[in-house]
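Spelled out, the chains give:
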Amino acid sequence: MAGLRPAETVMPFSFDDAARQTSDLSALEALTSPVLLMLATATGLTGAAADAGQSLRLALDEQVPRIDRLDALGQFTDRLPVVTPEFQTLDRLTQEVFWAVRPSLQGPRLEELRLKCSARSLCIDWSRLISRDWDTNHLGGQAFLSGRALAEWMGSDLASALRPFWREPLRQHLHDTEEAAAMIRLLRLFVLLTLSTPGGGTPQTTLNDCARALGLWKAVEQHLPEILCSRLGGPAPLYETDDAVVLTATAAEEDPLSAREALSQASLAARQHAMHLMTGHADILRAVQPSVEPRPASASTTLKPTSLSIDAAVNTAASTATTASAKALAAHEAVLARYFPTQRLDVLLAHTTCQVITEPIPTMSHREDRLMLASYEGLRSPLPLALLPDGIELENQILQLHSEFPWATRAIETVTGELLARRRLGAVSVAWAPVLLVGPPGTGKTRLARRLAEVVALPFLPLDVGSTDSRLLTGTSRGWSSGEPSPILRLLRDRHMAQAVVLLDELDKCHALGHMSSNAVPVQAALLGLLEPESSRRWIDSYLQVPCDLSRMLYIATANRLGTIEAALMSRLQPVLVPPPQRGHYPGIVHQVVRDIARDWGLPPEAMPTLEVSEITRAAGSVRELVRLVRQEIVREVTTGGAPH
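Since the model is a prediction, treat every value here as computed from it, not as a measurement. Along each chain, residues carry numbers from 1 onward, in the same order as the chain's sequence is written. Predicted model: local features are reported for residues with pLDDT of at least 70 only, side-chain atom pairs are reported and counted for 80 or more only, and whole-chain, interface and lining totals are derived from all residues. The side-chain quantities take in all heavy atoms of the structure and omit both hydrogens and water.

Attention shifts here to the overall build of the protein. In this text, helices come from DSSP runs of H or I with a minimum length of four residues, and strands from runs of E with a minimum of two, each type numbered from the N-terminal end. Scanning the protein from terminus to terminus reveals 27 helices and 11 strands. Burial analysis of the protein (645 residues in total) assigns 50% to the buried set. By element, 53% of the accessible surface of the protein is carried by carbon and sulfur atoms, the whole surface being about 29600 Å². Per-residue accessibility, obtained with a 1.4 Å probe over protein chains only, is compared with the maximum for each type, and a residue is labelled buried under 20%, exposed over 50%, and partly exposed between these values. For accessible areas, the Shrake-Rupley method is used with a probe of radius 1.4 Å. Any residue's cover is judged against the shown protein chains and nothing else.

Turning our attention to helix 17 (residues 391-404). Under the convention used throughout, the expected extent of a helix is 1.5 Å for every residue step, that is, one less than its residue count. Along its 14 residues, helix 17 runs 20 Å from first to last C-alpha, staying within 8% of the 20 Å computed at 1.5 Å per residue. Among the residues of helix 17, Leu394, Ile398, Leu401 and Glu404 are the ones counted as buried. All buried residues of helix 17 fall inside an arc of 120° around its axis, so they share one side. Opposite its buried face, helix 17 presents the exposed residues Ile392, Leu399 and Ser403, each directed more than 90 degrees away. Of the residues that open helix 17, the one with a side-chain oxygen 3.1 Å from the backbone nitrogen of Ile392 is Asp390. Here the arc refers to the set of directions running from the helix axis out to each C-beta atom. Any N or O atom pair separated by 3.5 Å or less is treated as a polar contact, with the protein-specific requirement of one donor-capable and one acceptor-capable atom, and with residues adjacent in sequence counted only for side-chain atom pairs.

Strands were regarded as paired on the criterion that DSSP finds at least two bridges between them. Spatially, the 5 strands line up as an open sheet ordered 6-7-10-5-11, and their pairing is parallel. What marks the edges here is a single partner per strand, and that holds for strand 6 (460-464) and strand 11 (574-577). Taking the axes of each pair of neighbouring strands and ignoring which way they run, one obtains an average angle of 20° across the sheet. Where strand 5 (residues 435-438) meets strand 10 (residues 554-559), 4 bridges bridge the pair, whose relative direction is parallel. Note on strand 10: the bridge partner recorded for Leu436 is Ala557. We call two residues contacting when some pair of their heavy atoms lies within 4.5 Å. Under this scheme, a helix contributes an axis fitted over its contacting stretch, all axes are lines through C-alpha atoms, and angles between N-to-C directions fall in the 0 to 180 degree range. Most of the contacts of helix 21 (residues 487-495) go to strand 6, to which it runs at about 165°, and overall it touches strand 6, strand 7 (501-505) and strand 10.

This prediction gives the protein a mean pLDDT of 78; 80% of its residues lie at or above 70. Considering each helix and strand of the protein separately, the mean pLDDT is smallest for helix 1 (residues 6-9), with a value of 35, and largest for strand 5, with 95. For every residue, the predictor states its confidence as a pLDDT score lying anywhere from 0 to 100. Contacts for the low-pLDDT stretch residues 138-144, under 50 throughout, to residues beyond four places or in other chains number 22 contacts.

With that settled, consider the pattern of salt bridges. We define a salt bridge as a contact between a side-chain nitrogen of Lys or Arg and a carboxyl oxygen of Asp or Glu at a distance within 4 Å. Summed over the entire model, instances satisfying the criterion amount to 22 salt bridges. In this structure, the salt-bridge partner of Glu359 is Arg538, at a minimum N-O distance of 3.2 Å. Taken as a pair, Glu359 in the loop between strand 3 (353-354) and helix 16 (367-374) and Arg538 in the loop between helix 23 (533-536) and strand 8 (539-540) lie far apart in primary sequence, 179 residues in all. Judged by its relative accessible area of 32%, Glu359 is partly exposed.

Across the 5 residues of strand 7, 4 count as buried, placing the element largely inside the fold. Examined bridge by bridge, strand 6 and strand 7 share 5 bridges and lie parallel to one another. Across the sheet, residue Leu463 finds its bridge partner in strand 7, namely Leu504. By the bridge criterion, 4 bridges tie strand 7 to strand 10 in an arrangement that is parallel. Counterpart to Val501 in the pairing with strand 10 is Leu554.

Turning our eyes to something else, we now look at the environment of Gly426. Secondary-structure assignment places Gly426 in the loop between helix 18 (409-424) and strand 5. Taking relative accessible area as the criterion, Gly426 reaches 45% and is therefore assigned partly exposed. Remark: the alpha-carbon pair of Gly426 and Leu388, spanning 38 residues in sequence, is separated by 10.0 Å.

This brings us to unusual backbone geometry. One non-glycine residue with positive phi stands out, namely Ala457, at about 55°. Along the chain, Ala457 falls in the loop between helix 19 (445-455) and strand 6. The class for Ala457 is exposed, based on a relative accessible area of 58%. Despite not being glycine, His496 has its phi angle at roughly 55°, a positive value. For His496, the location among the structural elements is in the loop between helix 21 and strand 7. You can call His496 buried: its relative accessible area is 17%.

So, on to helix 21. Within helix 21, burial applies to Pro487, Ile488, Leu489, Leu491, Leu492 and Arg493. Turning to helix 21, the residues buried within the fold contact strand 6, helix 20 (471-474), strand 7, helix 22 (523-531), strand 9 (547-548) and strand 10. Once helix 21 ends, the next one or two residues include His496, with phi positive near 55°.

Where helix 3 (residues 34-41) meets helix 4 (residues 47-60), the axes come as close as 7 Å, and the angle between the chain directions of the two elements is 90°. Classed by the angle they form, the pair helix 3 and helix 4 counts as roughly perpendicular. Facing Leu36, Leu39, Ala40 and Thr41 of helix 3, the residues of helix 4 in contact are Ala49, Gly53, Leu56, Arg57 and Leu60. Polarity classes work like this: nonpolar for Ala, Val, Leu, Ile, Met, Phe, Trp, Tyr, Cys and Pro, charged for Asp, Glu, Lys and Arg, and polar for all others, with Gly in that last group. The class makeup of the residues in the contact of helix 3 with helix 4 is 6 nonpolar, 2 polar and 1 charged. For classification purposes, angles smaller than 35 degrees are called roughly parallel, those larger than 145 roughly antiparallel, those between 65 and 115 roughly perpendicular, and all remaining angles oblique.

So, in structure tokens, the structure goes:
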């Protein structure tokens, strides 16, 4: 593959030609791209190219069992971005492979793999879409994606993927429980996206589409008892995080019905929840369409409000939010019960939970505002705080931090010293005093803050306080078209926790930004109240207009210098110097950057190319330049003859 540039060498590819080809040719013969042909036939490949080529050959081999071919196809689509990172070429190559294997592998799993690649091309987080909790972020029909991209994707790719299942006998597509689970995920995704995406059809059309999908979903469940479990140990989980349906091979052998039964129960629970959401959205959709009073022909029509329907939709959204918080609290109680005596649970719950909002949230008249406010009802229930790791585990994680950031020893000790002290004195919840990391740009302050959040298993929220006004902290006042609560409260709502690590980035640059808007106070003035425990216990969000307990939040601020930070704010922070790393630290930073890039690309670290660390470190004049050079070298290695293929 030396010197190969995919964007210049991929031959024109017609889907119509592919359809004609694949009817008469084998999957391998149907390929036309030189990149795919090389991966499928060349010998002597190494590294990521060898892994991708092996997966591709298995996926194309019609002598290999169907389930293994589909597994190999999924591995190939995950590995191909390492070999061919150029976006347009990647999209075209994956489409060609799908058309090549379609005649023999047509079914729900193939369509799900194709949709996963399609979602990736739109920068859609597929793992989040098919997760068990994805719908909890869509209360009131608000999607986490841009409406246009989501609507176009749903209207084209997702609809076309489901089209064969409407027209053809269901039995024809359910080869095994793997196919059934894939179809259930696609139908669930269709229902949730239909409800949460503003479309061009009428409300009745939207509801009919959802009802049709739910009917097919129920039919799949009815077929489950007679479907074969092709995989030893039963089918893959319906959701990647659903431990309830993961069965061991031994259990499946002893009771072959248990695997299908677990899948059936998980599917039924998901379908019932989708129907519950559909009920709420049906009220929303009816509320959007005003009813018309019958009048004489000479009179004009009059619009009649449907407040009862709106109330039903708001109640549904509030109930869903409260239920999600109750589940989070139950999971927290289960963790406590595993490690502590039962008689201490009441005491421990008082110290490891927090009710963010204790008073009723004032309502509003506008429908969309009422739906948004209803989604925050979950904060009126007790929510968990993070638990301190075991003493030995915490010490091991601190040692790992020191190995990753050997130049930031003082900063690590400042934060983790308090954690260790709390652990050794018997405390169980996580807390530390606000810290200010001071140092020149490129010293790893942000990355260190993110790693500290990972150590205590808390959500991480970076806020660029140096380039905005205080509405980032206080929320936007009601009455504005862009009105919404602060990002801190949105994060607590979405993650069903009462605690998070907040990064106040570039604190030294926000001293004069309060004058940018007449509707906002200076950021440093807002921070005074947020960092003070007494005032943060009754923090007033401008949109929710109710006291919120934010006293359990953990803050890490960053600054390049201290001269512009007011003395009153400095008194609430522990300043600690983060010096620039020495050149001897650069090799370790290179390895960290490679792992970070692999995580951002959704790849395992071992899939990344091997870099010549000494050359990169010699060429870098600073840490930021080092990061830029590492990224450039990775791209060069996988797109030119320098790649370890």
